[in-house]
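# Structural overview for review
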Amino acid sequence: MAVTKVIGGDAIKRKGWLKANKWLILRRITQFAILGLFLTGPLFGVWIVKGNLTSSLTFDLLPLSDPFVLLQGLFARHWPETTALIGATIVLAGYLIVGGRAYCAFVCPINLVTDAAALVHRRLGLKKGWQPKRATRFYVLAMVMATALVSGTLAYELLNPVTIVHRGLVFGMGWAWGAVVAIFLFDVFVAMHGWCGHLCPMGAFYGLLGEVSLVRARADDRANCNDCLDCFAICPEPQVITPALRGEKTGHGPVITSGACTNCGRCIDVCSENVFRFGLRFDGTVEPVIKEGATS
Amino acid sequence: MSKDDQAKPATARTDADRRRFFGDVIRGVSALACIGLPLGLLAKRSAARPAEAIRPPGAGAEDDFLAACVRYGLCVRDCPYDTLRLAHVEEPVAAGTPFFIARDVPCEMCEDIPCVAACPTGALSKELTKIDDARMGTAVIVGHETCLNYQGLRCDVCYRICPLIGEAITLERQANLRTGKHALFIPVVHSDKCTGCGKCEKACVLEEAAIKVLPTKIATGELGAHYRWGWVEKQKAGKSLLNRDILDLPDRRPGGGS
């Protein structure tokens, strides 16, 4: 059952361990640093960021608010104060630059859980399990907003594991550990990449921003691809790679355009041929594409 | 990765594809209704807050509060007395929303109301500028059979601890019918002054407090909208509103007949 080939093994040989794990390391540093900023106050009395991922105040000056939660509030027919609107606008603008689901890969605390689950899943060589359509999360997103509208409250925030766990870490966990355990078990034994990849409405929301966001992973040197499939094996959203990597036949540029891409950069890490890099959605390096597939 | 995820050329779409698409949509929507309906029920249940969980000053009606509060906890952080805390998921208060239990830690009624100042969404209304105008609930003596003052003792603790001493709680003197010669000093809460801070409930010396802060409507009852107090109307009008000419009750005398 065990996987015989180590994903990214070739990349480690060619580029060295550090370079073959560069974005993973940067991502973990970012995740823990952001968590740390929230925790220095409650743990050591050094208040840098007050609040939690839903909404926060940095150095008693910079307000940041989660636009996903704020949108629920608007559907619940509540118009927030200017502070929250400014905070949400800053966050929106930020993710429109760095990539919508960069939130998922670099900030969300649940990512640590689901990444761990994916690792265990790979190591155990388990079957993919239940795989609902990737679009299911958009139905969940619609449902979240509909429930807010009908109930007039932030109904989903009673269950949202992202905000529950982060709030738990900062304000005391209680039974919030239950959400962590449930999602881990779900992703390992019920559905591979089940939560983040198929169900989470928060990821769906940020994915919508990703459809137009500036920074994107790109398969610029796709001509060098040696079909080792490591990028597909490691990617939490492998369907986003195909059009960019294999796009020469269909006339698709090398930019990974799908909003589902989390900009986690693991494809860059595990590629021994340096096919991928981060770049801008619009910069002019798109090579002219021969549209041979158009007529057939 | 399943085959469904791979992009198909647009020209390959057939009736079968379309039929499958609508089938998928109906299946998806139905599945989500199965999630949405319980979620709605959960939301409704969470709106039923236990009476002892008190919202911070400036919180409006529970429905409005739950729509507005983003649960980020700056009110909790800025509360200098650690009165407020965010509800854990397993508690009967809507998860992540701020509240306090007066018997544990009551509200100290800070003059600058830092919790309200910290709120970015208006869940705690900025219109509240004087803490004495806060209405977190209303204290009510629920234990007439246990309250020491009701038994004729001079406990008076709730009266003395009240930040609005002599206004929100007064001691009303009554005859002690048990002894026949002493007085009772009955604590009476005045709902027009009581902020619901809960210091009285915290201070009550009994095992279980005889005075409790409750949601105002539960604490005070509510008069029917059509009710009028005759004596109030009389004072407003400056004279008796009874028309003696019209109101003529029969004179009854002993011996029968009228």
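Our subject in this report is the structure included herewith. Note that this is a predicted model, so its numbers are computed, not measured.

Here is what the cut-offs are and how they apply
Throughout, a residue's number is its position along its own chain's written sequence, starting from 1. Labels follow written order: the first chain is A, the first ligand is 1, and so on. At least 70 in pLDDT is required for a residue's local features to be given in this predicted model, at least 80 for side-chain atom pairs to be given and counted, and no such filter applies to totals for whole chains, interfaces and linings, which use all residues. As a rule here, side-chain values come from all non-hydrogen atoms in the structure, and water together with hydrogens is ignored. Strand pairing is assigned whenever DSSP identifies at least 2 bridges connecting the two strands. Working definition: helices are DSSP H or I runs of at least four residues, strands are E runs of at least two. Numbering for both runs from the N terminus. The definitions used throughout rest on a 1 Å grid laid over the protein atoms alone, on which a cavity is an enclosed set of points accommodating a 1.4 Å probe that cannot get out and a pocket is an open set flanked by protein within 12 Å on both sides along at least five of seven lines; lining residues are those having an atom within 4 Å of a point. Grid points are joined across faces, edges and corners, and a volume is the space filled by probe spheres set on the points. Ten residue types, Ala, Val, Leu, Ile, Met, Phe, Trp, Tyr, Cys and Pro, are classed as nonpolar, four, Asp, Glu, Lys and Arg, as charged, and the remainder, Gly among them, as polar. Throughout, exposure labels follow a simple rule: accessible area from a 1.4 Å probe, protein chains only, divided by the maximum for the residue type, with under 20% read as buried, over 50% as exposed, and the rest as partly exposed. Charged residues are defined narrowly, with Lys and Arg counted positive, Asp and Glu counted negative, and His plus the chain ends left uncounted. One side-chain nitrogen of Lys or Arg within 4 Å of one carboxyl oxygen of Asp or Glu is enough to make a salt bridge. Nitrogen and oxygen atoms within 3.5 Å of one another constitute a polar contact, given that in protein one can donate a hydrogen and the other can accept it, and given that sequence-neighbouring residues count only through two side-chain atoms. What makes two residues a contact is simply this: any of their non-hydrogen atoms within 4.5 Å. For helices, the fitted axis covers only the stretch in contact; all axes are lines through C-alpha atoms, and the angles between them, taken along N-to-C directions, range from 0 to 180 degrees. A simple way to read buried area is as the amount of 1.4 Å-probe accessible surface that goes missing from two parts once joined, with both sides added. The nonpolar core is taken to be a set of buried Ala, Val, Leu, Ile, Met, Phe, Trp, Tyr and Cys residues, with the residues joined through side-chain atoms within 4.5 Å. Crossing chirality is assigned from the near helix's rotation relative to the far helix, an anticlockwise turn below a right angle marking it left-handed and a clockwise turn marking it right-handed. For classification purposes, an angle smaller than 35 degrees is called roughly parallel, one larger than 145 roughly antiparallel, one from 65 to 115 roughly perpendicular, and anything else oblique.

For the rest of this paragraph, the subject is the sheet that holds strand β1 (residues 53-54) of chain B. Residue and element names in this part refer to chain B. Overall, antiparallel pairing links the 3 strands, which are arranged β1-β3-β2 in an open sheet. Both edges of this open sheet fall to β1 and β2 (85-86), since each of them pairs with a single strand only. In the sheet, β1 pairs with strand β3 (residues 98-101) via 2 bridges, with the strands oriented antiparallel. Across the sheet, Ala-53 pairs through a bridge with Ile-101, a residue of β3.

All names here are of chain B. Scanning the model with the defined rule gives 10 cavities of 30 Å³ or more in all. Quantified by volume, the largest cavity comes out at close to 130 Å³. Around the largest cavity, the lining comprises 16 residues; the ones closest to its centre are Pro-57, Cys-79, Cys-107, Cys-110 and Cys-115. Of the residues that constitute the lining of the largest cavity, the class distribution is 13 nonpolar, 1 polar and 2 charged.

Right, let's talk about the side chain of Asp-187 of chain A for a bit. Residues and elements named next belong to chain A. Within the secondary structure, Asp-187 sits in helix α10 (residues 177-190). In this structure, Asp-187 is buried with no salt-bridge partner, the nearest side chain bearing the opposite charge being Arg-134 at 9.3 Å. Of the polar contacts made by the side chain of Asp-187, one reaches the backbone nitrogen of Trp-195; its length is 2.9 Å. In contact with Asp-187, not counting residues within four places along its chain, are Thr-114, Ala-117, His-121, Met-192, His-193, Gly-194 and Trp-195.

Time to look at the sheet that holds strand β2 (residues 55-58) of chain A. Residues and elements named next belong to chain A. Strand order in the open sheet formed by 3 strands is β1-β2-β3, and the pairing between neighbours is antiparallel. Bordering the open sheet on either side are β1 (49-52) and β3 (62-65), each of which pairs with just one other strand. Each adjacent strand pair in this sheet contributes to an overall mean axis angle of 10 degrees, direction not counted. Direction of pairing for β1 relative to β2: antiparallel, over a ladder of 4 bridges. In the strand pairing of β2, Lys-50 is matched with Leu-57.

Moving on: the interface of chain A and chain B. Where interface size is quoted, it is often the accessible area lost as the parts come together. Between chain A and chain B, the contact holds 46 residues from the first and 41 residues from the second. Across the interface of chain A and chain B, roughly 3600 Å² is buried in total on both sides, 68% from carbon and sulfur atoms. If you sort the residues of chain A by the area they bury against chain B, Tyr-139, Leu-158 and Phe-171 of chain A come out on top, with a joint share of 18%. Counting across the interface, chain A meets chain B through 3 salt bridges. Here Glu-81 of chain A and Lys-126 of chain B are joined by a salt bridge, their closest N and O atoms 3.7 Å apart. Counting every contact that joins chain A to chain B gives 9 residue pairs in polar contact (both at pLDDT 80 or more). Elements that contribute at least two residues to the side of chain A that touches chain B include exactly β1, β2, α4 (67-75), α5 (82-98), α8 (136-151) and α9 (161-171) of chain A. In terms of residue class, the side of chain A that touches chain B is made up of 22 nonpolar, 17 polar and 7 charged.

Core analysis: the largest hydrophobic core is formed by 101 residues, its most contacted members being Phe-68, Tyr-95, Tyr-103 and Tyr-206 of chain A together with Leu-124, Ile-169 and Ile-211 of chain B. In this view, Ile-169 of chain B contacts Cys-158, Tyr-159, Cys-162, Leu-164, Pro-187, Val-188, Val-189, Cys-200 and Ile-211 of chain B; residues no more than four positions away in its chain are not counted. Membership of the second largest hydrophobic core comes to 20 residues, among which are Cys-231, Ile-234, Ile-268 and Phe-276 of chain A.

What follows deals with the packing of α8 of chain A against helix α1 (residues 15-47) of chain B. How two helices pack is summed up by the angle between their axes together with the distance between the axes. Interaxial distance between α8 of chain A and α1 of chain B falls to 9 Å at its minimum, and their mutual angle equals 40 degrees. As for how α8 of chain A packs across α1 of chain B, the hand of that crossing is right-handed. Between α8 of chain A, through Thr-136, Tyr-139, Val-140, Met-143, Thr-147 and Ser-151 of chain A, and α1 of chain B, the contact on the second element is made entirely by Val-25, Val-29, Leu-32, Ala-33, Gly-36, Leu-39, Gly-40, Ala-43 and Lys-44 of chain B. For the contact of α8 of chain A with α1 of chain B, the class distribution of residues is 9 nonpolar, 5 polar and 1 charged.

So, about the layout of surface pockets. It is the rolling of a water-molecule-sized probe over the atoms that shows where space remains empty. All names here are of chain A. Within this model, the second largest pocket holds a volume of roughly 950 Å³. If you go around the second largest pocket, you meet 44 residues; those closest to its centre are Ile-7, Leu-119, Arg-122, Ile-234 and Arg-266. Secondary structure elements with two or more residues in the lining of the second largest pocket: α2 (17-20), α3 (22-44), α6 (102-106), α7 (110-124), α11 (194-199), α13 (230-234) and α15 (266-270). Of all the elements, α7 adds the most residues to the lining of the second largest pocket, at 10 residues. Taken together, the residues that form the lining of the second largest pocket break down as 23 nonpolar, 10 polar and 11 charged.

Residue and element names in this part refer to chain A. Running from amino to carboxyl end, α4 crosses α8 at an angle of 40 degrees, the nearest separation of the two axes being 7 Å. If you check the angle between α4 and α8, you find them oblique. Relative to α8, α4 is oriented so that their crossing is right-handed. Only Leu-141, Val-144, Met-145, Ala-148 and Leu-149 of α8 make contact with α4, whose side of the interface consists of Phe-68, Leu-71, Gln-72 and Phe-75. The residue inventory of the contact of α4 with α8, partitioned by class, reads 8 nonpolar, 1 polar and no charged.

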